[in-house]
Amino acid sequence: MSGMRRHPVRAVAAAAGLCLLLASCGGSDSDAAAGGGGGGGGGGSAEGGESMDDLYQAAQEAGEDTVVVYGIKTGTACYDQFSQEYSGITVQTQYMVGETQARLQQEHVSGQNVGDVLRTGNTSMLALIRDGILTEYVPADVEGISEAAYGPENAMINDSQRLSGIAYNSANVPDAEAPKSWDDLVDPQFKGRIVMPDPTVPGAGLSILQSLMDTGVVDDEWLEALAANEPAFIQGVQPAIEALKTGEYDVMLGGLDQITGPALEEGTDLRYVFPVEGATPLTKHYTGVITNAPHPNAARLLTSWLVSEDGQTCLATEENEMPVREGVAPPEGIPALDELPNVAEQKPASFDELDAQTELLTKFKEIFAG
């Protein structure tokens, strides 16, 4: 099989993710959460739900001392800050790559729910909304949050944005030879030396390439040239970073844990190129309350806090996430979006996106599988 190498262990869950994406069709009715807005096709209510103080009181009265978050890997600083502001509620996280939809499908069907909140990309979120596994909820304070942040049925809201660059291991790639543009990645000198999150399944790799293509700076011809360089595909951003750290591969397409690259450079041979010449891929992460969450008040409280001024400031300063709330500064050293080269127009998430991503998955599989 030419043009495509998968890590022999880490890509095991690939088929399951695509299967669930394609199988997700008309969903069951979900219970509307208190304060939820209307919602068939996307776009949110401009009015927030019940206050965070009321949610906190309700959580205390219900004995909700935990909120379980499934999805993306993130630091604990902001979850710790949330727990300090709302004492008595501990955030438990379960990092998932590939198995998120399967886990939530199983919990939903069995009625044995464990997860309260899902934080991940739009592919999984949209599919789960269709199946009624995420429930309608508009956070408490949505002033400064764009209408474009909401997904269908108000069951998902964009809580952070991430910018992607190119990482490399300077022990194997001299700084003078490091790729500085997206075109540099298709130079034959990097054949067999590139690693990236797998773009042939739902996840970071798909989102990064989709965003890059949306800028118009790359096209099918570029994808073919990239495939000729035989990039290795690994399930998830963090495992790809680890393969770069160990020297198994020399260059990584995509984020070095997205925009946290400079922090991870400390004490390692890793280097981070950002912004990359030509375009700045931007991907979004969303938060949604899981239907029949065991801790529903705590789940809504955390969701509200993540898009509040306090939450957004913490995500920017502690997690290096680009905020979605107007008036909150970007992470230190990261320019505002309008100062970066060629960021694709950001559109509201919709069910149409599932169809578009299904087509892209098919294209990427054909190109990279030869």
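Everything that follows concerns the structure shown earlier in this document.
Report on the accompanying structure.

Reading guide: rules and limits
Residues numbered from 1 in each chain as written. Predicted model: local features only at pLDDT ≥ 70, side-chain atom pairs only at ≥ 80, totals over all residues. Heavy atoms only, no water. Helix = DSSP H or I, 4+ residues; strand = E, 2+ residues; numbered from the N terminus. Buried < 20%, exposed > 50% of the residue type's maximum accessible area, 1.4 Å probe, protein only. Contact = heavy atoms within 4.5 Å. Areas by Shrake-Rupley, 256 points an atom, 1.4 Å probe, with all protein chains shown as cover. Disulfide = S-S within 2.5 Å.

1. Topic: the overall build of the protein chain
Counting secondary structure elements, the protein chain contains 12 helices and 12 strands. Of all 370 residues assigned to the protein chain, the portion counted as buried reaches 54%. For the protein chain, contacts bridging at least 24 residues in sequence account for 80% of all contacts bridging at least 6. For the protein chain, the exposed surface amounts to about 14500 Å²; the carbon and sulfur share of it is 46%.

2. Quick look at unusual backbone geometry
Here the amide bond leading from F274 into P275 is cis, since omega sits at -10°, within 30 degrees of zero. Examined against the element boundaries, P275 turns out to sit in the loop between strand 11 (270-273) and strand 12 (282-290). Notably, E230 is not glycine yet its phi reads approximately 50°, a positive angle. Relative to the assigned elements, E230 resides in the loop between helix 7 (220-228) and strand 9 (232-234). Classification of E230 by relative accessible area gives partly exposed; the value is 25%. Positive phi, close to 60°, is recorded for N320, a residue that is not glycine. Tracing the sequence through the fold places N320 in the loop between helix 11 (309-318) and helix 12 (352-369).

3. Quick notes on the state of the cysteines
Per the stated rule, a full pass over the model turns up 1 disulfide. Here C78 connects covalently by a disulfide to C314, the sulfurs 2.2 Å from one another. Linking C78 and C314, the disulfide has an S-S dihedral of approximately -110° and is accordingly described as left-handed. Remark: C314 occurs in helix 11 and C78 occurs in helix 3 (residues 77-85); sequence separation between them is 236 residues. Taking relative accessible area as the criterion, C314 reaches 3% and is therefore assigned buried.

In short, geometric facts, not functional conclusions.
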